[in-house]
Every structure is written in structure tokens, then in C-alpha cells.
Amino acid sequence: MYRVMIIDDEISARNLMKVSVDWDSLGMQVVGEAGSGIEAINIIDEVKPDIAIVDISMPFMNGIEFTEMASKTYPELAIIIMTAMDDFEYARKCVSLPVFEYMLKPIVRADVTATLKKLKDKLDKRRAELGWNNKDEANEPDMDRSMIDKIKSYIEKNYKDSKINLTSVAQRFGFSSSYLSRRFKQETGKNFIEYLTECRMERAMMLARGNYKMFSTSNEVGIPDTAYFGKCFKKYTGMSYSEYVLSQKGQ
Amino acid sequence: MKWVQKILNRQNVSGAHESIAVRLWNIIALIFTMLTAALIIAIVMVTLNTRKENSVRESETIINGITSTLRGNIDNYKDLSRLVMINETIMEFLRAENVDSGLKNDSIYAINDILIVCNNVDSFFIFRNDGDYVSTGRGEYFIDREMMNRPEWLDQINEKRGGAIIRMNGNGAIFRRNGNQFITVARTVYDIYSQKKTGILLMNISMHLLETAIGENENAGICIVSENGDYLAGDEELAGFFTEEFRSGEMIHKDNGDKRFHMISGYKPDELPIVIMCRVTPAGTSVPAAVLVVLTLLAVVFAISIVLLASYISKDINRPILDLSEAMEDTKKSGWLKKIEVRMPDNEIGQLAVSYNSMNEYLNEILTRLIEQEKTVRGVEMRVLQEQIKPHFLYNSLETISYMAYEAGATKAFEALETLGNFYRNFLSKGNREIPLKREIQIIKDYLSIQKLRYGDILSDEYDVDEAANELMIPKLILQPLVENSIYHGIRPKGEPGVIKISANLDGDILNVIVYDSGIGMSEEQIGLILEEKDDDEDENPALSGFGLKGTIKRIRYFCKDKNAIEIFSEEGEYTKIVLRINTKQQGE
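Residues numbered from 1 in each chain as written. Chains lettered and ligands numbered in written order. Predicted model: local features only at pLDDT ≥ 70, side-chain atom pairs only at ≥ 80, totals over all residues.

A.B. asks: I would appreciate a short explanation of the sheet that holds strand β1 (residues 121-128) of chain B in the present structure.
C.D. replies: Sheet strands line up and pair through hydrogen bonds in the backbone, either parallel or antiparallel. Residue and element names in this part refer to chain B. Overall, antiparallel pairing links the 5 strands, which are arranged β2-β1-β7-β6-β4 in an open sheet. Looking at the sheet topology across the chains shown, the edges are occupied by β2 (133-137) and β4 (165-168). On average, each strand axis in the sheet is inclined to that of its neighbour by 20°, with strand direction left out of account. Examined bridge by bridge, β4 and strand β6 (residues 182-190) share 4 bridges and lie antiparallel to one another. Along β6, the bridge assignment pairs R167 with T184. Where helix α5 (residues 101-115) meets the sheet, its contacts fall on β1 and β2, and the angle it forms with β2 comes to roughly 40°. Of the strands in this sheet, β4, β6 and β7 (197-206) touch helix α7 (residues 151-159), which is tilted by about 70° from β6. (Pairing = 2+ DSSP bridges. Helix = DSSP H or I, 4+ residues; strand = E, 2+ residues; numbered from the N terminus. Axes fitted to C-alpha atoms, helices over the stretch in contact; angles between N-to-C directions. Contact = placed C-beta atoms within 7 Å.)

A.B. asks: Please explain unusual backbone geometry as it appears in this structure.
C.D. replies: With the exception of glycine, the majority of residues adopt a negative phi angle, and the majority of peptide bonds are in the trans configuration. Following K105 of chain A, the chain continues into P106 of chain A via a peptide bond in cis, with omega recorded as -5°. One non-glycine residue, F60 of chain A, adopts positive backbone phi at about 70°. Locating F60 of chain A in the fold gives a position in the loop between β3 (51-55) and α4 (63-73). You can call F60 of chain A buried: it has 22 C-beta atoms within 10 Å. The phi dihedral of N171 of chain B is positive, around 55°, even though this residue is not glycine. Its location among the elements puts N171 of chain B in the loop between β4 and β5 (174-176). (Buried ≥ 20, exposed ≤ 12 C-beta atoms within 10 Å, placed from the backbone.)

A.B. asks: Before we go on, may I ask you to explain the sheet that holds β3 of chain A in this structure?
C.D. replies: Residue and element names in this part refer to chain A. If you trace the 5 strands from one edge of the open sheet to the other, you get β2-β1-β3-β4-β5, paired in parallel fashion. Edge positions in the sheet fall to β2 (28-34) and β5 (101-104), since each has one partner strand and no second. Across the sheet, the axes of successive neighbouring strands diverge by a mean angle of 25°, strand direction being ignored. Summarising the sheet, β3 and strand β4 (residues 78-83) pair through 5 bridges and their orientation is parallel. Following the sheet pairing, V54 is matched in β4 by I81. In the packing of helix α6 (residues 109-130) onto the sheet, contacts are made with β1 (2-7), β2, β3, β4 and β5, and the angle to β5 comes to roughly 170°.

A.B. asks: Help me understand the interface of chain B and chain A, please; the structure alone is not making it clear to me.
C.D. replies: You'll often see interface size given as the accessible area lost when the parts meet. On the side of chain A, 17 residues touch chain B, which itself brings 17 residues to the contact. Elements represented by at least two residues in the side of chain B that touches chain A include exactly α12 (391-407) and α13 (411-428) of chain B. The element that contributes the greatest number of residues to the side of chain B that touches chain A is α12 of chain B, accounting for 10 residues. In the side of chain B that touches chain A, the residues fall into 5 nonpolar, 8 polar and 4 charged. (Nonpolar A, V, L, I, M, F, W, Y, C, P; charged D, E, K, R; others polar.)

Purely spatial values, then, with no claim about function.
As C-alpha cells, this is what we get:
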């Protein structure tokens, strides 16, 4: 089973993709979806996809930017770019990226199925060559308490950068993401992504109290995708941004 | 010089195309004719002039010869007469108071003795002062006494005081019975001793003298006449040409039209009562060889010059111009503004070729620029057309509606929407202007499957495409408008079930694509209208323009660079068959 993540700002497009393709027979499973590149970056470490199907035109972070970032951070991720022919200029930029396939919009089942089949064959072949690649964590440098502190302060300084996530930070400090994730949880009692979100949300709450509009706050804290920001904010505070702003005014 | 103009303009008059070569040859021919004529005239004039000079010279020689011969002879006769004059017996006869017959006879004897030495003295008369006379001579003579005694005649003789005067026929006083003419030497006789005038003597010389003088020049027509023009000796025919001018004392030469008497000269020697006439025949004169040689040489040089000029014109002007125009013609036929490669002389004509080439270059540049502009304009038009539809909106809407249909379990609607999406994706996509045939066929299939949703009861489709033809590139969207046309102008108006059949096969390099429909067909006139090559078609036939059929035909022709790349066969009420022949080897753009 290959894990598939669909990244598209159109919810009906994501839905259509999910329902109209016979994933099982392809040996694939849709394990996650994201409404923007921003959201994708934040959840990709949890979703852990083998294949990402990315719409090229999305707000906040378009398919190209996401692909640039993802192909650096996740070298083994297979990326399929979806485009209408109009986005030819975008598509041309992709030529320099290690994109696996292009898919034309609007979605036509036959085309999508054919493309995915081709990709599956490629991935099968690669896996056969490399074998199941389990990272040997024993060889990694020891991550002591001070290193965790260092990473924490890095997050506190850089959470405004919408492109950081577990894997990119792990790469930066020379660890594997799973090792960092495990050690971080051991040392701080929190998931890495929970800590990153906490930093962002604390800052957001502060800004909300200062009567900042949501879109500028979301930009300020590194989640420019307001829809996703709203989701995170609600999850963290229990109320929506506007409710929170109102509640703070009452006090 | 109207005729010159006529020759020069001959080609124009006939209205035909006039080449420089022909005109040049006309001019050369004209020059040649004129110069030849001038040369001939010159030769004739020189000949005539020379002939005249020769004739004059000849005449002078002849006449002067005869004159001097005659003078010499007549001088002899004068001397002879002097001998008679101083003869004793004669003097006696003249002095005597009374003359008897004896004395007369003695006198005659004395005269005869003296005159015996010469033949031509015809007769001799000696008159005494009293009028008595003796005479001797052959034949019979008559004396006109009255004439003889005319005072003016006697005065003429006496004026000479013993010298001789020469007159014809004793100045009219003596004539012969047989009518022969003669020349008379007359003089006064003076007595030697008393120096008194004692008488007059007349010595008559026969015409034989003249004949003898002429005789040496028998061949040249010579004639001697009296002062009055009476024939005396020589060529009698010539006497008829006598005129009074000849008496002037100068030698006169007169041109005469007559062939044999082309020039007649006449001269009256001083003191002689005769006129010597002479003619010169043309045969007797000729142009000097040197003159002829010079003139011939001139003619030859002239002819050579003409030939050289002609060959120069032909080689250095005519030929290059023809080559040039041929090369230009080739260029024209080739349909491209090519440079002329023919070698040209390094002169004005070469310059012409160079100018032509550089003009071509310039025109090519302009054409290229125009074509580029045209392409740009077309590209812009296309883009404008395509941008009128916002694909993103369309696609997203289609996807949303598709999902809704799926959710609602409307499978047919879902499938139809998917087909529509596929159709529009191919239909609206930019990028390649040429696509594989199989993709165009897919567009048609999608298109027809949607149309069948609407007209499923009357519309069916069939496909027969060669495997080999599938991958060949054709301009995008050249078949779809034809199929669209088949539905709206073929099958739908007919109202009966109809079929649209697409077939394609490869015949060598030619890809044949046939769009057939069993619709209402077209009339010959309609086909003509559709196929006619006009640019302003858009508004002319609104029934056709809406479906871009003509535009499609234009694109096909443009792509194939062949106006016969599309053909339409039809039978009204039965079918329409549109055949495209696309040469896959020479695809443009």
C-alpha cells in the first residue's frame, strides 16, 4: 500500500479525486489531504505520504513552492502535479524539479488511473532496488538535553517561517525526523508539531488581544493560510479567532 | 523623314511586343542602308566627276591636236599662195595694161607649177584690179561677181595689207557646181616693186584637208562644221549637236543626256571659219583604280564595323539582358524572391542584377516582417478567443458538479460531466498547435458522445482510423468544426437518424482524413461558396460563418500550403463527404 496525500484548495476536487479513483486496485490509499501547501507542511510529518498529488494553483503557497520545499525535505516523496494547460508557465518551472508526473485538470478517471499506474510501477521498482529502508538510528549522534533546548529556542525564533516542520528542523540539526520526534517527546512531554503550534498560537493570542485582524496575525505567526490558521486556533483555544477577539474585548 | 520614323516604329505600329534587340537591329539596318546609299552616291559622283574631267581632257587633246594640224597645214597653204603672189608671170599678168589670152595661159601654167606639189588645192583665182581674172582648178566653179565685189568683203581682204584671211567658199562669192564646200585663203597682192595693190588672190582648199586632219583621230567622234553649223567633215551625226555657243572662241564642253554623246565639246579656232566638235563616249573613260580601291576598302571597313557593333550588341547587351530577364522569370516561377545567380558582366547590366538582388533582399525582409506580424496577430486573436473562457472557473465548476452528481448517485450525469471536462480540456488547452491525429479523434469522440446525449435518437458515429495514421501530427481542431458542421447543417435539419463516420488512412506520404455524414448534403453552389478563396467571407454568409467552417478550411489550406487539400463531395438529400489530403512530409510552420 502506498500512502497518498491530496493537496488542493478545492474541496470538491479533493473529494472527487478520493471517490472517483479505485485506489484499492491500484494498491494505494488516500491517507490525508490538505487545503493548502501551508497545511500540508504542517501535517505531512504525521501523514507520512509516499505520494503527494499537488494542484499547481493554490493561494498562500502554490504547488511549485510546495514542491520545491518538499522535494528538498522529503527526497523520497513522489510528487504529481495537477495543472490546467493554462498553467503552462508553472509547469515549465517544474521541469527543474524532481516531479514525477503531470496530470491535466479537470480530473478524468481514465487519465488519473493511467498516471498513477505508471507511478506505482516506478515506485515498485525503486523499492525493489533499495529494499525497505529503515534508518539506523543507532548511528545517529546523541541528542542530549542541551540540544533539545537549542532546538526549542530555534523554534521560538523561527516559527514565523511557514516552511519549518519536524523534518526540516531535524535535517537542519542533523537528525532523522523520527529520532527527533521521539527524543523531543521524551524531553518535553509534547510532540514537536504541538510545541511549534503552541508557540504560534500563544503569539497569535497575544496579537488577537492587540486587536490584530486574523489575516495579519496568521501571516505574523507563519500560517498564512487563514483557513488552516483558523482551524489550528480553534483547536488550541476552543474558540474561533473572532470569538476570541470579542471575548478579550469584554474583559 | 517620315519613313525613318516608320522603320523605327515598325514594331509599335504592329502593336506587338517590341524588344530592344529588334529595335537595335532595325536601327543598324537603317544605318547600314543609309551608309551604303551614301557610299554608292559617293562612288557615282566621283566616277562621274572623274569621267567628266577625263572627257574634258580628252576632248581638249583631240581638238587642240586637230587645230594645230589644221593651222600648220593652212600656214603651208598661205606660204604657197605667197609663192604665187611673187611669181614673175603672175605679177606680169597683174601689171599689164592689156591682157591677152597668152598671158593668161602663162599665168595658169605658172600657178599650176607652183601648186603641183600639193593635192588639196581645189582651185585658184587671181583677180586684177580691173576685175579680169585667171583661175585654175578641178571641176566647175561659178563666180558671183556681185558677191565678189562687195565692198565689205574687199575691205576685209585689204585690211590685212597683204596678209591672208580664211573664209568659207570665198566668203560666198564662189561655189562649186557639185556643191562641195571649200576653204578659201584670200589676200591682196601688192607689186613687189611699186608696192601698189595689183589684185586679189583666192586659194580654195578642199575639205580633204579637214578629213586628213581628222583622220588620225578617226575613233573619237569628231566633226568639223562651218561657223554656221554646216557639215564639213568627219562624223556627220555629230553636226546635229552644233550650237552657236561653240563659236565663242573658247573651248566649250556640253553635257548631253545621250549615252553615246554624253559630252560634246566644240571650239572655233581663231581666224579659221570652222568649228571643231568632238564627243567622248562613256566607254572611253574609267574611274581610276585607286579611287575604287579606297572606296572598296571603306566599304569593307564599314561592313566589319557593323558586324562588330552587331556582335557587341548581341554579346554584351542583348545576351546579358536576356539572361537577366530569364533569371528573373525563373525567380518569379519559383514563387520565391531568390537572388539571381547568373554571372553578369561587370557593367550597367551587372549593376541591374545587383540592384535587383538587393531589392529582392529588401522585399524578403519586408515579407518576413509582415509574415511575423501576421503570425503575431493571429496568435493574439487566438489567445483573445481562448481567454474569453476562463478555464479555471469552468474546470472547478465541472469538478464540483461532478462530485455532486456522484454523491447523488447520478452516474450518467457524472460520466457526461467527465466527458465534457475532457473535451474542454483538449479543446481549450493552449500549447501545441499540432497534435497527433488520435488526440483530435478523441476530441471528436468526446464531442460526439456529449452531442449524442442531446441527439442520441438520430445521431450515431463510426470510426475507421488506420493504426499508422494515429500518431501523425495535424493542426489542432481541424476536424471538430467539420463534425460540428455535419451535425448542425447535415443531420439535424434532415430529422432522420444519421451517421457521422470518421475515417483516416495513410497513402504514401498523404494522410487522407474523411468526414462523412448522411445528412441533407449540399448543392454545388453551396460547395463553391464554402470552398471559394475569399478573405472577407466572415460576413457574407452568416449561415456558415457561425461554425467556423470557412475559417477551418483556411487553416487547412494554410497548413498544407495547397488549396486543393480539402475537397467536398455531396449529393443533396443523401450525404456530404469532406476529404482532407495532408502531405505529412512537407508540413509547415
